[in-house]
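Reading the structure
This is what each chain is made of:
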Amino acid sequence: MNSFVSGPVLVTGASGHLGRRVLDHLLETLKVPAGGIIATTRKPAALADLAALGVTVRQADFERPDTLAAAFAGARRLLLISTDALDRPGVRLAQHENAIAAAVKAGVEHVVYTSMPRPEGSPIPFAPDHLGTEQALAASPFGWTVLRNCWYFENIFLSLHHTLAIGKWYTSAGDGRIAHIARDDTARAAAAALVAETRAQNGIYTLTGAEAFTTAEIARLVGETAGRSIEVVQVSDEALVQGMVAGGLPEGVARLFTAFDTNTRMGRVAAITDDFRALTGVEPQRYGAWLAANRAAIAGA
Ligand SMILES: NC(=O)c1ccc[n+]([C@@H]2O[C@H](COP(=O)([O-])OP(=O)(O)OC[C@H]3O[C@@H](n4cnc5c(N)ncnc54)[C@H](OP(=O)(O)O)[C@@H]3O)[C@@H](O)[C@H]2O)c1
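Residues numbered from 1 in each chain as written. Predicted model: local features only at pLDDT ≥ 70, side-chain atom pairs only at ≥ 80, totals over all residues.

**A short note on the overall build of the chain**
- Each helix and strand counted, the chain has 13 helices and eleven strands in total.
- Whereas a compact globule of 301 residues would reach a radius of gyration of roughly 19 Å, the chain reaches 20 Å, a difference of no more than 12%.
- The dimensions of the chain, computed from C-alpha atoms along their principal axes, are 55 × 35 × 35 Å.
- Looking at the 301 residues of the chain, the share that counts as buried comes to 43%.
- Contacts in the chain between residues at least 24 apart in sequence constitute 77% of all its contacts with a sequence separation of at least 6. (Helix = DSSP H or I, 4+ residues; strand = E, 2+ residues; numbered from the N terminus. Rg over C-alpha atoms; globule rule 2.2 N^0.38 Å. Buried ≥ 20, exposed ≤ 12 C-beta atoms within 10 Å, placed from the backbone. Contact = placed C-beta atoms within 7 Å.)

This is the structure:
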């Protein structure tokens with residue numbers, strides 16, 4: 001425990017998929033005592049099991065800055081998990097700015113933030129919220145660590161049911177590659193960054209898997225796992241938007257999803273880094289291992 005911080009560490013958004021796994025890694029992987037952990041969430045009842053273990057569970061909503069002084073009191077280091085207001089550009093930045101202002105007032109020494117790869121000049125509509133949050137952190141008096149999480153393996157479930165149903169994967173990503181990563185690995189890295197006393201001071205880490213695949217390669221691997229064939233159909237960005245709208249998606253959502261493909265085609269998520277290993281000391285999970293572990297969910301999607 002010598003290299004770990006001695007004061008309480010705080011995780012926001014603790015009932016979300018990522019937040020919950022960060023808490024698991026703090027407790028189980030890093031053996032941080034439950035009494036040294038504060039978990040904040042809009043839904044404290046969802047964390048009753050962790051409260052029973054001795055984790056301090058508090059209510060916090062970035063939309064309600066009045067809740068944040070009490071929520072952040074006493075925290076030494078804080079993991080700011082980006083919120084899920086992906087479809088409302090600007091809202092997320094305002095939420096994060098509320099959290100950063102409260103962290104300053106609470107005297108937090110270091111903030112770790114979950115961002116995205118290369119938010120500068122990105123075609124993705126929510127990228128400016130991440131970039132703005134990174135800039136707000138850099139302008140703050142505390143130390144900071146930015147974790148630019150590449151896309152999760154788990155994102156496949158957003159579209160897999162439809163893809164398997166029609167046997168086709170429409171995309172405008174071309175031969176662009178994605179160095180995606182297991183969500184659990186991003187949680188493991190976030191937990192490590194939160195408790196590392198010296199390794200992660202004022203730095204940007206881009207968290208990726210160990211491999212980068214094209215859409216065609218992902219479709220083949222997922223299809224093999226599901227026992228189905230998936231034909232990849234390359235279309236233009238605009239044709240992809242119109243196809244999704246014709247399929248019933250609101251145009252804003254269709255444009256957001258299409259922007260991911262544009263971003264991939266531009267090569268903006270292709271770079272494989274060693275940053276996960278630098279933070280955690282272990283290798284990221286391979287895509288094949290993740291697919292095998294999730295075979296039932298993939299086949300049943
Ligand atoms: N890299 C990727 O591929 C990828 C994919 C999806 C999402 N993300 C980003 O990573 C984040 C965590 O992912 P996830 O899988 O855990 O998503 P998730 O399960 O949908 O969790 C959403 C998170 O947003 C928090 N949140 C929402 N509104 C909030 C508010 N007003 N104040 C404070 N917290 C608020 C939630 O906290 P509580 O409910 O506990 O209050 C929860 O932690 C997402 O929110 C998103 O920014 C990244």
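**Some words on unusual backbone geometry**
- You will see that Lys-31, though not glycine, has its phi angle at about 55°, which is positive.
- Mapped onto the fold, Lys-31 is located in the loop between helix 1 (17–29) and strand 2 (37–41).
- For Lys-31, a count of 10 C-beta atoms within 10 Å translates into the label exposed.
- With phi around 45°, Arg-118 is a residue other than glycine that occupies positive phi space.
- Among the structural elements, Arg-118 can be located in the loop between strand 5 (110–115) and helix 5 (127–138).
- Overall, Arg-118 belongs to the buried group, with 20 C-beta atoms counted inside 10 Å.

**Looking at the site of the ligand**
- The full set close to the ligand counts 25 residues, and Gly-13, Ser-15, Gly-16, Leu-18 and Thr-41 are the nearest of them.
- Sort the elements by how many residues they give to the shell around the ligand and helix 1 lands first, with three residues.
- In terms of residue class, the shell around the ligand is built from six nonpolar, 13 polar and six charged. (Near = placed C-beta within 6 Å. Nonpolar A, V, L, I, M, F, W, Y, C, P; charged D, E, K, R; others polar.)

**Some points on the sheet that holds strand 2**
- Read from one edge to the other, the open sheet built from seven strands follows the order 3-2-1-4-5-6-9, with strand pairing classed as parallel. With one partner strand each, in any of the chains shown, strand 3 (56–59) and strand 9 (203–207) form the two edges of the open sheet. Strand-to-strand twist across the sheet, computed as the mean angle between neighbouring axes with direction ignored, equals 20°.
- Here strand 1 (residues 9–11) runs beside strand 2; their pairing, made up of three bridges, is parallel. Counted as the bridge partner of Val-9 is Ile-37 from strand 2.
- Its contacts with the sheet put helix 7 (residues 183–195) on strand 1, strand 4 (77–80), strand 5, strand 6 (143–149) and strand 9, and the angle it makes with strand 6 is roughly 170°. (Pairing = 2+ DSSP bridges. Axes fitted to C-alpha atoms, helices over the stretch in contact; angles between N-to-C directions.)

**Details of the nonpolar core**
- Counting residues in hydrophobic clusters, the biggest one holds 73 residues, and the most contacted among them are Ala-39, Leu-79, Val-111 and Ala-190.
- By residue number, the principal contributor to this core is helix 7, which donates eight residues.
- Apart from the residues lying within four places of it in its own chain, the contact partners of Val-111 are Leu-78, Leu-80, Ile-100, Ala-103, Leu-137, Phe-142 and Trp-144. (Core = buried A, V, L, I, M, F, W, Y, C linked by C-beta atoms within 7 Å.)

**Regarding the packing of helix 4 (residues 91–106) against helix 5**
- It is the contact of helix 4 with helix 5, at a shortest axis distance of 9 Å, that shows an interaxial angle of 20°. One finds that helix 4 runs roughly parallel with respect to helix 5. Two packed elements cross with a definite hand, and for helix 4 against helix 5 that hand is right-handed. Contact with helix 4, carried on its side by Arg-92, Leu-93, His-96, Glu-97 and Ile-100, involves Asp-129, Gly-132, Thr-133, Ala-136 and Leu-137 of helix 5 and no other residues of that element.
- A per-class count over the contact of helix 4 with helix 5 returns four nonpolar, three polar and three charged. (Parallel < 35°, antiparallel > 145°, perpendicular 65-115°, else oblique. Left-handed = near helix turned anticlockwise from the far one by under 90°.)

**Side note on helix 5**
- Look at helix 5: 17 Å from first C-alpha to last across twelve residues, which is about the 16 Å you get at 1.5 Å a residue.
- Every buried residue belonging to helix 5 is among Ala-127, Asp-129, His-130, Thr-133, Glu-134 and Leu-137, and all of these are buried. Projected onto a plane normal to the axis of helix 5, the buried residues spread over an arc of 165° and lie on a single side.
- Residues of helix 5 that are buried sit in contact with helix 4, strand 5 and strand 6. (Expected span 1.5 Å × (residues − 1). Arc of directions from axis to C-beta.)

**A few points about the packing of helix 1 against helix 7**
- Their axes nearest at 8 Å, the elements helix 1 and helix 7 cross at an angle of 55°. Classified by the interaxial angle, the pair formed by helix 1 and helix 7 is oblique. Two packed elements cross with a definite hand, and for helix 1 against helix 7 that hand is right-handed. Packed against helix 1, whose contacting residues are His-17, Leu-18, Arg-21, Val-22, His-25, Leu-26 and Thr-29, the element helix 7 presents Arg-183, Asp-184, Thr-186, Ala-187, Arg-188, Ala-190 and Ala-191 at the interface.

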